[in-house]
Amino acid sequence: MSTVYIPALAAFGGSAIGAVSTIVSGWFSGRRRRRELHHARSFSKREQLYHSFIEEASRLYAYALVNDQAEIPQLVSLYTLVGRMRILSSNEVVQAAERAGHLIIETYLSPNRTFVDLPKFIEEMDPLRDFGEACRRELMNIPAQ
């Protein structure tokens with residue numbers, strides 16, 4: 001083989017390696033971007049679901065404290081949110097949501113409360129504490145991938 005071909009082959013080999021490394025690098029960075037986008041969407045979807053549940057449960061609980069008539073369509077809506085959580089969330093979050101739902105139903109069945117009764121049931125005034133803490137733990141532990 002002539003010494004003239006060696007620099008040409010070296011240049012060709014360097015170009016080929018450069019091209020392959022660019023393609024592989026682009027593939028890895030694209031894959032990483034897609035994973036980050038999936039993570040952000042998953043986080044956002046759960047965050048919105050939990051936000052909707054907290055708003056609906058808080059409104060129903062406040063209504064249940066002072067009324068005997070249950071808002072059945074809104075309770076069904078609340079349990080629809082729980083059903084969506086069964087698909088997306090951990091068992092801990094689903095169980096906390098179910099406990100909150102049961103507490104709301106029990107509150108409808110209990111006697112109505114007045115402002116005078118407030119000191120007696122101050123501990124019950126945050127029925128979503130366990131749910132909120134479970135959601136925070138789950139959202140903090142979603143793998144970044």
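What counts, and at which threshold
Residues numbered from 1 in each chain as written. Predicted model: local features only at pLDDT ≥ 70, side-chain atom pairs only at ≥ 80, totals over all residues. Heavy atoms only, no water. Helix = DSSP H or I, 4+ residues; strand = E, 2+ residues; numbered from the N terminus. Expected span 1.5 Å × (residues − 1). Buried < 20%, exposed > 50% of the residue type's maximum accessible area, 1.4 Å probe, protein only. Arc of directions from axis to C-beta. Contact = heavy atoms within 4.5 Å. UniProt positions renumbered as here; feature names shortened; annotations may be inferred. Salt bridge = Lys/Arg side-chain N within 4 Å of Asp/Glu carboxyl O. Phe/Tyr/Trp six-rings, centres within 6.5 Å; stacked < 30°, edge-to-face > 60°. Patch = residues over 30% accessible without salt bridge, like charges linked within 9 Å, V, L, I, M, F, W, Y side chains within 5 Å. Areas by Shrake-Rupley, 256 points an atom, 1.4 Å probe, with all protein chains shown as cover. Lys, Arg positive; Asp, Glu negative; His and termini not counted. Charge placed at Lys NZ, Arg CZ, Asp CG, Glu CD.

So, helix 4 (residues 129–140)
Working note: α-helix, 3.6 residues per turn, so residues spaced by three or four point in the same direction. For helix 4, which comprises twelve residues, the first-to-last C-alpha distance of 17 Å matches the rise-based estimate of 16 Å (1.5 Å per residue) to within 8%. Within helix 4, the full set of buried residues consists of Phe 131, Ala 134, Cys 135, Glu 138 and Leu 139. Seen from one end, helix 4 has its buried residues packed into an arc of 130°, which puts them on one side. Those residues of helix 4 that are buried lie in contact with helix 1 (5–66), helix 2 (72–88) and helix 3 (91–109).

A closer look at the UniProt feature "transmembrane region" (unreviewed entry) in the protein
The feature "transmembrane region" (unreviewed entry), as given by UniProt, occupies residues 6–28 in the numbering adopted here. Counting secondary structure, residues 6–28 comes out at 100% helix and 0% strand; the distance between its end C-alpha atoms is 32 Å.

Details of the pattern of salt bridges
The full count for this structure, using the stated rule, is five salt bridges. The closest approach of N and O atoms between Arg 59 and Glu 71, which form a salt bridge, is 3.1 Å. You can see Arg 59 sitting in helix 1 and its partner Glu 71 sitting in the loop between helix 1 and helix 2, a full twelve residues away along the chain. Assessed through its relative accessible area of 17%, Glu 71 is described here as buried. Each of the salt bridges in this network shares a partner with another, and the network as a whole consists of Glu 56, Arg 59 and Glu 71.

Section: the packing of aromatic side chains
Applying the stated rule across the entire model yields three aromatic pairs. On the numbers, 5.9 Å between centres and 85° between planes, the contact of Tyr 50 with Phe 131 is edge-to-face. You can see Tyr 50 sitting in helix 1 and its partner Phe 131 sitting in helix 4, a full 81 residues away along the chain.

A closer look at a positive patch on the surface
Taken together, Arg 31, Arg 33, Arg 34 and Arg 35 make up a surface patch of like positive charges. Relative to the assigned elements, Arg 31 resides in helix 1. Exposure remark for Arg 31: the relative accessible area of 35% places this residue in the partly exposed category.

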